[in-house]
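Residues per chain, in single letters:
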Amino acid sequence: MKAELRIKNHPILEFKKEKILKFKFEEKDYEGYEGETIAVALHASGVKVLGRSEVKNRPRGFYCAIGNCSSCLMIVNGEPNVRTCVVQLEEGMKIERQEGKGELLWKL
Amino acid sequence: METVELLIIGAGPAGLCAAISAVSSGAKVMLVDRNDTLGGQLIKQTHMFFGSEKQYAATRGTDITKILLAEIEKYKENIKIYKNTTALGMYEDGVVTLARNDKYIKVKPKAIIVATGASEKVLAFPNNDLPGIYGAGAVQTLMNVYGVKPGNKVLMVGAGNIGLIVSYQLMQAGVKVEAIIDAAPEIGGYLVHASKIRRLGVPIYTSHIVKEAIGLDYLEKAVLIEVDEKWQKVRGTEKEIDVDVMCISVGLTPLTELLMQKGCEVKYVPELGGLVPTRNENYETSIDNIFVAGDVSGVEEASAAMVEGYLAGLCAADKIGFRHDDFKKLKKDYIEQLHSLRAGPESDKIRGGIAKIERRAQDV
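Read on for a plain summary of the structure. The residue numbers shown here count from 1 along each chain, following its written sequence. Starting at A for chains and at 1 for ligands, labels are handed out in the order in which the entities are written. Residues qualify for local features only when their pLDDT is at least 70, as the model is predicted, and side-chain atom pairs are given and counted only at 80 or more; totals for whole chains, interfaces and linings, by contrast, use all residues.

**A few points about the overall build of chain A**
A count of helices and strands for chain A gives two helices and seven strands. A run of DSSP states H or I qualifies as a helix once it reaches four residues; a run of E qualifies as a strand once it reaches two. Both are numbered from the N-terminal end. Counting from the amino terminus, chain A carries its helices and strands in the arrangement α-β-β-α-β-β-β-β-β. The C-alpha atoms of chain A give a radius of gyration of 14 Å, which matches the 13 Å a tight globule of 108 residues would have. With the C-alpha coordinates of chain A rotated into their principal frame, the extents come out at 50 × 25 × 25 Å. Residues with at least 20 other C-beta atoms within 10 Å of their own are called buried, those with 12 or fewer are called exposed, and the rest are partly exposed. The C-beta atoms themselves are positioned from the backbone. Counting the 108 residues in chain A, one finds 36% classified as buried. Contact criterion: two residues are in contact if their C-beta atoms, reconstructed from the backbone, are within 7 Å. For chain A, restricting intrachain contacts to residue pairs at least 6 apart in sequence, the fraction spanning at least 24 positions comes to 42%. For this measure, only C-alpha atoms enter the radius of gyration; the expected value for a globule follows 2.2 Å times N^0.38, where N is the number of residues.

**Observations regarding the overall build of chain B**
If you tally the helices and strands in chain B, you get nine helices and 19 strands. Each principal axis of the C-alpha atoms in chain B carries an extent, and together these give about 65 × 45 × 35 Å. Across the 364 residues in chain B, those meeting the buried criterion constitute 49%. Sequence-distant contacts in chain B: of pairs separated by 6 or more residues, those separated by 24 or more amount to 64%.

**Digging into the packing of helix α7 (residues 302-319) of chain B against helix α8 (residues 327-341) of chain B**
Residue and element names in this part refer to chain B. Here the axes come from fitting lines to C-alpha atoms, over the contacting stretch only for helices, and the angles between their N-to-C directions go from 0 to 180 degrees. The N-to-C vectors of α7 and α8 enclose an angle of 155°; their axes lie 10 Å apart at closest approach. Classified by the interaxial angle, the pair formed by α7 and α8 is roughly antiparallel. You can see that α7 and α8 cross each other, and the crossing is left-handed. Every residue of α8 that contacts α7 at Ser-303, Ala-304, Val-307, Glu-308, Tyr-310, Leu-311, Leu-314 and Asp-318 is listed here: Phe-327, Leu-330, Lys-331, Tyr-334, Ile-335, Gln-337, Leu-338 and Leu-341. Roughly parallel means an angle under 35 degrees; roughly antiparallel, over 145; roughly perpendicular, 65 to 115; everything else is oblique. A crossing counts as left-handed when the near helix is turned anticlockwise from the far one by less than a right angle, and as right-handed when that turn is clockwise.

**Quick look at the pairing of strand β5 (residues 73-76) of chain A**
All names here are of chain A. With three bridges joining them, β5 and strand β6 (residues 79-83) adopt antiparallel strand pairing. From the neighbouring strand, Val-76 faces β6, where its bridge partner is Glu-79. Remark: two residues form the turn of the hairpin made by β5 and β6, two consecutive strands paired antiparallel; Asn-77 in that turn has positive phi of roughly 50°. Where β5 lies against strand β7 (residues 94-99), three bridges are found, and the strand directions are antiparallel. Looking at β7, one finds that Ile-75 is bridged to Glu-96. Should DSSP find at least two bridges between two strands, the strands are taken to pair.

**Comments concerning the sheet that holds strand β11 (residues 204-206) of chain B**
Two pairing modes exist for strands in a sheet, parallel and antiparallel, and in both the strands are linked by backbone hydrogen bonds. Residue and element names in this part refer to chain B. Taken in spatial order, the five strands of this open sheet run β8-β15-β9-β10-β11, and their pairing is parallel. What marks the edges here is a single partner per strand, and that holds for β8 (133-135) and β11. Within this sheet the neighbouring strands show an average axis-to-axis angle of 20°, counted without direction. Bridge count between strand β9 (residues 153-157) and strand β10 (residues 176-182): five bridges; the pairing is parallel. Its bridge partner being in β10, Val-157 is matched across the sheet by Ile-181. Across the sheet, helix α3 (residues 136-145) touches β8 and β15 (245-248), and the angle it forms with β8 is around 90°.

Following this line, the structure appears as structure tokens:
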């Protein structure tokens, strides 16, 4: 699954994939490329379910991929509600599926 | 509080052109965009544009971005560009609040051009929230910006231009498009695109809808069903197809939240994608010095968005005291370009929609 989703030959476009970044998803090791968003790196690794809905616990994947729809919210380095479709992947990130609304890190 | 002459929210095709137009009139501009890259959705449009030379016809969207950014570069001392900056609110006293890299910024511009674009619509059917069901723009972003396929077997829902173009792009990326469906009895997009796709062996089923999506944690199958001339399901016509991706290409809806918060008049105009602001021929809304351009003022194509941007930028700069030397000539030219882009019979709907939102022309 991992290898076959990355486009190798394209008639018009060229994709620069240079630096590999290592990250953890649900405590397992994964790899993506610098310049990719978190959701893209996960998708390319075969991860489609990014979280679970608040009320009915339905699986959630991304939908718009441009930061509008909130379907891709995940917990990144402990911080909930990160729009993973627009946030760039970084080396060593710890990414988890979010269930429901997530807990705020700070309190009023 | 930062002082700003003209604030432009959104650096897609409309916002970039508005910025170019306003600075070349002599105004100082602050251009903000919530993304890390400028160009908005142009950056994933690998197809060549229609329209005329003035709207960069026969140039790919990805290359148009480079042309516009090179133009912006020429005026860089008069354009302050804030990337990764989200406009949070527009208030009664004229203040606009921005979040930039977790910092909260307040600005008070003399005029604002809202060019926030549009967001993808969803479609109602059982299990429409399963992962694997993505907006057409999302699929374009994934393949054309990041070089990752959305999956292996795709059902395209919607045979308008976007549905047809994205289907072709999926094939270019090596993805199998199992079928394209549309609820309407006829293909909505240009027949030149449809024929190209049919010749590559992809069936286009008109008068078909999604009855349901099937899958436990993600999409595994889609069930299609025919509809009759009254849009009712025809029992016994179900078709089940194995797909891991469903691409929803049923149009966009303007991102008008900021305008509504500010109190600009909006109307529900389905031809333009939903709630859209009313505006005059200068693209100024019901509130003085608040202008709009691009999809937020009614969903069309990027070609129209660029011309609207040039026009709104020209008029907004003029409104705050910076009249371009060729103001009258340029304004006439932009208005004529918009007329010609919307001239064909396929633009009947757009013209009808615009008639509903255009306020009486002002004397300029």
